[in-house]
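# Structural overview
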Amino acid sequence: MLTIWGRENSNNVRKVLWCAAELDLNYTHINAGGAFGKVNEERYRSLNPNGLVPLLQDDDFTLWESNAIVRYLAAKFGDASFYPQDLQARASAEKWMDWTTSTLVAPFSIVFWGLVRTPPEQRDMDKITAAIATLEKHFDIVEQTLERQPYLSGESFGFGDIPLGSFIYAWFEMPIARRPRPNLERWYQQLRARPAYQRGVMSELT
């Protein structure tokens, strides 16, 4: 039995919920973190000593870290188009998972927290503007890649698209000016058309 812990308005939880929806998995969802609490309770800390979300339970197996959970679900339940068996194809998709975490999350968090979770009168617009400029440079790399291939995972949608795809929703939904990028925008619209994306990602930004 699968159990997913985490609040739906967390970008990292969205990754896991979206992945589970793509794989049509049956699972129990427990809201945790933020206003839902639970993450500092003894039971939760025994499962994830970090006190963060998401958390996956697969019977008696427990796993935390969102990208690790997506990889695990994809490997266990995905077919070859979603989770390639070819080592190089799989590694090429996986690099976008790690790139999103190592490169994109820090400036993205500044913009998201600054615009979505901070009252207007308390916003540091210089800091937010600088972070947007950093993100624009990073999205140049994504744009160039998506000019050569339809998905970050390669010729078809796969698990490597999920981490950035979870964050890109907020990027396009936040009230900011963005440089036009036809390939990134095309990819985003392809994601939006997926029922699993609609269920797992497209909730209110809070």
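Per an unreviewed UniProt entry, the chain goes by the name Glutathione S-transferase GstB and belongs to Serratia ficaria. UniProt lists a comment for the chain under the heading Sequence similarities (unreviewed entry), and it reads "Belongs to the GST superfamily."

This next bit is on the overall build of the chain. The secondary structure content of the chain amounts to eight helices and four strands. What you see in the chain, going N to C, is helices and strands ordered as β-α-β-α-β-β-α-α-α-α-α-α. Against the compact-globule benchmark of 17 Å for 206 residues, the chain has a radius of gyration of 17 Å, which places it among compact chains. Counting only C-alpha atoms and orienting by the principal axes, one finds that the chain spans roughly 45 × 45 × 25 Å. By the burial criterion, 49% of the 206 residues in the chain qualify as buried. In the chain, the share of contacts with a sequence separation of at least 24, taken over all contacts with a separation of at least 6, comes to 67%.

By secondary structure assignment, the location of Glu22 is in helix 1 (residues 11-22). In contact with Glu22, other than residues within four places in its own chain, are Phe82, Phe157, Arg194, Ala196 and Tyr197.

A word on the layout of surface pockets. If you add up the space inside the largest pocket, you get close to 600 Å³. Lining the largest pocket are 27 residues, with Arg7, Ser10, Asn11, Asn12 and Val53 positioned closest to its centre. Secondary-structure elements contributing two or more residues to the lining of the largest pocket are helix 1, helix 3 (66-77) and helix 4 (87-116). Among the elements that line the lining of the largest pocket, the one with the most residues is helix 4, at six residues.

Now for the domain arrangement of the chain. For the chain, the assigned domains are domain 1 (2-77) and domain 2 (87-198). The interface of domain 1 with domain 2 comprises 14 residues on the first partner and 19 residues on the second. At the boundary of domain 1 with domain 2, total buried surface from both sides reaches about 1500 Å², with 60% on carbon and sulfur atoms. When residues of domain 1 are sorted by the area they lose upon contact with domain 2, Asn11, Trp18 and Arg71 head the list and together hold 46% of the total. On the surface where domain 1 and domain 2 come into contact, there are three salt bridges.

By the secondary structure assignment, Gln190 is in helix 7 (residues 182-192). Separated by 39 residues in the primary sequence, Gln190 and Tyr151 place their C-alpha atoms 9.3 Å from one another. With sequence-adjacent residues up to four places away left out, Gln190 is seen in contact with Pro150 and Tyr151.

The next subject is the environment of Val105. Among the structural elements, Val105 can be located in helix 4. Between the C-alpha atoms of Val105 and Arg117, which are twelve residues apart in sequence, the distance is 16 Å.

Glancing now at the UniProt feature "domain: GST N-terminal" (unreviewed entry) in the chain. UniProt annotation of "domain: GST N-terminal" (unreviewed entry) refers to residues 1-81 when read in the numbering used here. This span, residues 1-81, is 37% helix and 20% strand, and a straight line between its end C-alpha atoms measures 25 Å.

Reading the values: rules and limits
Residues numbered from 1 in each chain as written. Predicted model: local features only at pLDDT ≥ 70, side-chain atom pairs only at ≥ 80, totals over all residues. Heavy atoms only, no water. UniProt positions renumbered as here; feature names shortened; annotations may be inferred. Helix = DSSP H or I, 4+ residues; strand = E, 2+ residues; numbered from the N terminus. Rg over C-alpha atoms; globule rule 2.2 N^0.38 Å. Buried < 20%, exposed > 50% of the residue type's maximum accessible area, 1.4 Å probe, protein only. Contact = heavy atoms within 4.5 Å. 1 Å grid on protein atoms, 1.4 Å probe; cavity = no way out; pocket = protein on both sides within 12 Å on 5 of 7 lines; lining within 4 Å. Points joined across faces, edges and corners; volume = space filled by probe spheres on them. Domains from an automatic or database assignment. Buried area = accessible area lost by both parts, 1.4 Å probe. Salt bridge = Lys/Arg side-chain N within 4 Å of Asp/Glu carboxyl O.

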